[in-house]
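# Chains, contacts and geometry: an overview
Here's the letter readout for the chains.
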Amino acid sequence: MRSQRRGSDAPLARYSNQWTWMLPVTGAAEEIIFRGSFLFGLLAAGFDLWVSIVVSAMLFGLVHVFQYGRYGVVLHTMTGVVFGVLATQLDLSAAMISHATFNLLVVTMGRRRPCKHTNPSRTARRESTVQ
């Protein structure tokens, strides 16, 4: 079943149109947790700016490991650094807007064509074991 697939080959295929409106909400909530709490909490505790940004970004990436695998950890860690820079240099709302926009773009682009790195035989094996 498509809704039970995991891995980096089609990470957002499980989102239906009725749940697309939730992506900005989850993006904003993740920013409040990871940048608003973790990042600014580390800064308030006296940690260096870049240490705080990288640590909060790594936590953000690790949270997505079960959802997207290793590829997702790397992708989300990198985007977490960008969102952290936006939150510290501008404000938290800039990170929220960027995160929500990123989520919507990924879902929109993901529905149009499959990823270039998708291996169809591996996907078929995975689907047969999930069912």
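Described in the following lines is the structure provided in the data block. (Residues numbered from 1 in each chain as written. Predicted model: local features only at pLDDT ≥ 70, side-chain atom pairs only at ≥ 80, totals over all residues. Heavy atoms only, no water.)

## What to know about the pattern of salt bridges
Condition: Salt bridges, as used here, are contacts in which a Lys or Arg side-chain nitrogen is within 4 Å of a carboxyl oxygen on Asp or Glu. A helix here means a DSSP run of H or I that spans at least four residues, while a strand means a run of E at least two residues long, and both kinds are numbered starting from the N terminus. Burial here depends on accessible area, computed with a 1.4 Å probe over protein chains only, as a share of the maximum for the residue type. Under 20% is buried, over 50% is exposed, and the range in between is partly exposed.
What the rule picks out here adds up to one salt bridge. The residue Arg35 makes a salt bridge to Glu31 at a minimum N-O spacing of 2.8 Å. Note that Arg35 and Glu31 are positioned in helix α1 (residues 22–44) at a spacing of four residues, about one turn of the helix. Judged by relative accessible area, which is 0%, Glu31 ranks as buried.

## What to know about the packing of helix α2 (residues 49–63) against helix α3 (residues 65–89)
Our working rule: All axes are obtained by fitting lines to C-alpha atoms, using only the stretch in contact for helices, and the reported angles, taken between N-to-C directions, cover 0 to 180 degrees. Angle categories are assigned with fixed cut-offs, so that under 35 degrees is roughly parallel, over 145 is roughly antiparallel, 65 to 115 is roughly perpendicular, and the rest are oblique. For a crossing to be left-handed, the near helix must be turned anticlockwise from the far one by less than a right angle; the clockwise case is right-handed. The contact rule is simple, with two residues in contact once any of their heavy atoms fall within 4.5 Å. Polarity classes work like this: nonpolar for Ala, Val, Leu, Ile, Met, Phe, Trp, Tyr, Cys and Pro, charged for Asp, Glu, Lys and Arg, and polar for all others, with Gly in that last group.
Between α2 and α3, the shortest axis-to-axis distance is 6 Å and the interhelical angle comes to 150°. Viewed along their axes, α2 and α3 adopt a mutual orientation that is roughly antiparallel. In this structure, α2 crosses over α3, and the sense of that crossing is right-handed. On α3, the residues touching Leu49, Trp50, Ile53, Ala57, Met58, Phe60, Gly61, Leu62 and Val63 of α2 are Val65, Val73, His76, Thr77, Thr79, Gly80, Val81, Gly84, Val85, Thr88 and Gln89. When grouped by side-chain class, the residues that make up the contact of α2 with α3 number 12 nonpolar, eight polar and no charged.

## Topic: α1
The α-helix winds at 3.6 residues per turn, so residues separated by three or four positions along the chain end up facing the same way. As a reminder, the rule being used: Multiplying one less than the number of residues by 1.5 Å gives the expected span of a helix. Across the chain, bend at a residue is computed as the angle between axes fitted to the seven residues ending at that point and the seven starting from it.
An ideal rise of 1.5 Å per residue puts 33 Å on 23 residues; α1 measures up with 31 Å between its terminal C-alpha atoms. Where α1 bends most, the angle comes to about 25°, and this point is Glu31. For α1, the full list of buried residues reads Leu23, Gly27, Glu30, Glu31, Phe34, Arg35 and Leu39. Once α1 finishes, Gly46 follows within two positions and takes phi at roughly 100°, a positive value.

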